[in-house]
Amino acid sequence: MAGSGRIVKNSLALLIGYSYNAIVSIVAVALVARYLKLDKFGDYGFILAVCNIFMVITDMGINRIGIREMARDPSKANDIFSASFIIKSCYSIITVLLIVITMHILIDDIDLLRASYICAIAVVFFFYGDIFPSIFTAFEKMEYITLSMFVEQTSYLMGIMLCVHFDYGLDGIFTALLVSYLARMLYGFIVTYKHFLKPKLTYDYSLCRYLVVEGFPIGINRVLRKTSFRIDTIIIKMLRTASEVGIY
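Residues numbered from 1 in each chain as written. Predicted model: local features only at pLDDT ≥ 70, side-chain atom pairs only at ≥ 80, totals over all residues. Heavy atoms only, no water.

Colleague: Which residues make up the side chain of Gln-153, and what values do they have?
Modeller: By the element assignment, Gln-153 lies in helix α7 (residues 142-166). Separated by 2.6 Å, the side chains of Gln-153 and Asn-21 make a polar contact. Leave out the neighbours within four places in its chain, and Gln-153 touches Tyr-20, Asn-21, Val-24 and Ser-25. (Helix = DSSP H or I, 4+ residues; strand = E, 2+ residues; numbered from the N terminus. Polar contact = N/O pair within 3.5 Å; in protein donor to acceptor, adjacent residues only side chain to side chain. Contact = heavy atoms within 4.5 Å.)

Okay, here's the thing in structure tokens:
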């Protein structure tokens with residue numbers, strides 16, 4: 001019964017979290033679509049498409065393998081946390097460079113480039129913050145994942161509302177995204193520090209290599225799926241106007 005109760009509790013917690021996430025996302029997109037002009041909304045969608053394609057590189061299956069290994073041996077949680085942090089730091093540099101290079105190839109508008117830089121930094125915070133839900137999952141404490149969703153989505157919605165009120169434009173929208181990811185990361189660190197482990201950075205080459213090799217097939221699969229899902233927006237941007245991207 002204890003095992004069944006834990007499964008029900010964790011499943012219910014995730015259901016609540018994902019439901020809240022979906023509702024807030026719909027409201028936020030509605031606010032952004034209403035606030036931005038059609039061409040700017042197209043630029044917003046284009047920047048998100050590019051960043052979403054490359055952002056999977058920062059993970060490359062590391063989280064899933066980390067969850068598996070921590071669940072097998074919780075005593076290795078700090079070592080896996082450290083290895084994940086180091087790998088994600090390396091992947092983040094590659095991701096940001098790819099986003100910046102791609103944006104410079106496809107657009108020459110300074111304002112859009114600045115907004116894309118903010119989004120690229122937000123991607124880095126997202127994947128650093130994604131390490132902590134892996135710890136919560138490995139220890140079967142899904143309620144903390146739900147709370148992290150509340151922190152992220154609530155701060156994002158509030159940021160969007162402030163952006164609309166003060167008319168901060170695309171920079172403000174992506175800054176709101178960045179702040180929400182940062183808030184999620186800080187929440188994850190605090191909860192992890194208080195309830196699971198005291199994160200300390202160590203370096204274990206063999207463990208880093210193991211996570212990279214084991215996660216690589218999962219990562220490639222995610223890259224292909226994300227690319228197939230978002231590439232149409234980029235193609236339309238290259239062939240048509242920003243307003244048509246916004247309509248799409």
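That covers the picture; the talk isn't over yet.
Colleague: Lay out the pattern of salt bridges with the relevant residues and their values.
Modeller: Under the criterion given, the structure shown has eight salt bridges. Across the pair Asp-171 and Arg-114 runs a salt bridge, and its minimum N-O distance is 2.6 Å. Taken as a pair, Asp-171 in helix α8 (residues 169-195) and Arg-114 in helix α5 (residues 110-129) lie far apart in primary sequence, 57 residues in all. Across the salt bridge formed by Glu-152 and Arg-184, the nearest N and O atoms sit 3.2 Å from each other. With Glu-152 in helix α7 and Arg-184 in helix α8, the pair connects residues that are 32 residues apart, well separated along the chain. Both residues of the pair, Glu-152 and Arg-184, belong to the buried class. Three or more residues joined by partner-sharing salt bridges are found here, namely Arg-68, Glu-69, Arg-72 and Glu-214. (Salt bridge = Lys/Arg side-chain N within 4 Å of Asp/Glu carboxyl O. Buried < 20%, exposed > 50% of the residue type's maximum accessible area, 1.4 Å probe, protein only.)

Read these as geometric descriptors, not functional statements.
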